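# Residue-level structural notes
Each chain is listed here by its residues.
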Amino acid sequence: MVLALLVSGVVVLLVLVGLFVFGLRRRLIQRSGGTFDCSLRWNVPEDDPEPAGKGWVYGVARYNGDRVEWFRVFSYAPRPRRMLERDSIEVVERRTPQGEEELALLSDAVVLLCLHRGTRLELAMSEDALTGFLAWLEAAPPGQRVNVA
């Protein structure tokens, strides 16, 4: 009986510590400012007529100079999973979520189809975050190319 209580207490404590670390990590990512919720779908096939809700990963993106750092939400990794350089991002298309994507993404999401160094990717973010993202892309220093469709 005592052993069962001890084991369940340890399990509850580990779960609480894990949740605390998730929250602390997100707070540290957001501490420097310039963050927004952003789902990512990497390496999207060109012949994807009806996008399914598969492949989307929920994350937080952070502006850092001339790049956007993308972090998975449900991860303990302190480093970004992907880094997108401003001069390598080309916005190809903007659309609303279709089909099962509406269930996989946040309710007010807008999807951007982009190319980054030859890789097709999709970013899903709120309308406000999209406005900021497009403004950041267009605010490239003089002499850099801007690829906003």
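Quick notes on the rules
Residues numbered from 1 in each chain as written. Predicted model: local features only at pLDDT ≥ 70, side-chain atom pairs only at ≥ 80, totals over all residues. Heavy atoms only, no water. Disulfide = S-S within 2.5 Å. Buried < 20%, exposed > 50% of the residue type's maximum accessible area, 1.4 Å probe, protein only. Helix = DSSP H or I, 4+ residues; strand = E, 2+ residues; numbered from the N terminus. Expected span 1.5 Å × (residues − 1). Arc of directions from axis to C-beta. Domains from an automatic or database assignment. Contact = heavy atoms within 4.5 Å. Buried area = accessible area lost by both parts, 1.4 Å probe. Salt bridge = Lys/Arg side-chain N within 4 Å of Asp/Glu carboxyl O. Polar contact = N/O pair within 3.5 Å; in protein donor to acceptor, adjacent residues only side chain to side chain. Nonpolar A, V, L, I, M, F, W, Y, C, P; charged D, E, K, R; others polar. Pairing = 2+ DSSP bridges. Axes fitted to C-alpha atoms, helices over the stretch in contact; angles between N-to-C directions.

By the naming in an unreviewed UniProt entry, the chain goes by DUF2550 domain-containing protein and is assigned to Streptomyces ehimensis.

Our focus in this paragraph is the state of the cysteines. Considering all chains together, one arrives at 0 disulfides under this definition. Of all cysteine sulfurs, the one in Cys114 lies closest to Cys38, which takes part in no disulfide; the gap is 9.0 Å. Of the residues examined, Cys38 reaches a relative accessible area of 2% and is grouped as buried. Taking the relative accessible area as the measure of exposure, Cys114 reaches 1% and is therefore buried.

This next bit is on helix α3 (residues 127-138). Compared with the 16 Å implied by 1.5 Å per residue over 12 residues, the 17 Å span of α3 between its first and last C-alpha is a close match. Looking at α3, one finds that the buried residues are Ala129, Leu130, Phe133, Leu134, Trp136 and Leu137. Taken around the axis of α3, the buried residues stretch over an arc of 155 degrees, which confines them to a single face. More than 90 degrees from the buried face of α3, the exposed residues found are Asp128, Thr131 and Glu138.

All right, on to the domain arrangement of the chain then. For the chain, the domain assignment lists domain 1 (1-31) and domain 2 (34-138). On a C-alpha basis, the centres of domain 1 and domain 2 stand 30 Å from each other. Every contact between the two is made by 8 residues of domain 1 and, on the other side, 12 residues of domain 2. Interface area, domain 1 with domain 2, both sides summed: about 880 Å², of which 55% is carbon and sulfur. Between the two partners, domain 1 and domain 2, sit 0 salt bridges. One can count 0 residue pairs in polar contact (both at pLDDT 80 or more) joining domain 1 with domain 2. Class assignment of the residues belonging to the side of domain 1 that touches domain 2 gives a composition of 4 nonpolar, 2 polar and 2 charged.

One open sheet accounts for 4 strands, arranged β1-β3-β4-β5; its pairing is antiparallel. With partners counted over all chains shown, the strands left at the sheet margins are β1 (35-37) and β5 (82-85), one partner each. On average, each strand axis in the sheet is tilted by 25 degrees relative to the strand beside it, whichever way the strands run. One ladder, built from 6 bridges, connects strand β3 (residues 59-64) with strand β4 (residues 67-72); its direction is antiparallel. Bridging from a neighbouring strand, Val60 pairs with Phe71 of β4.

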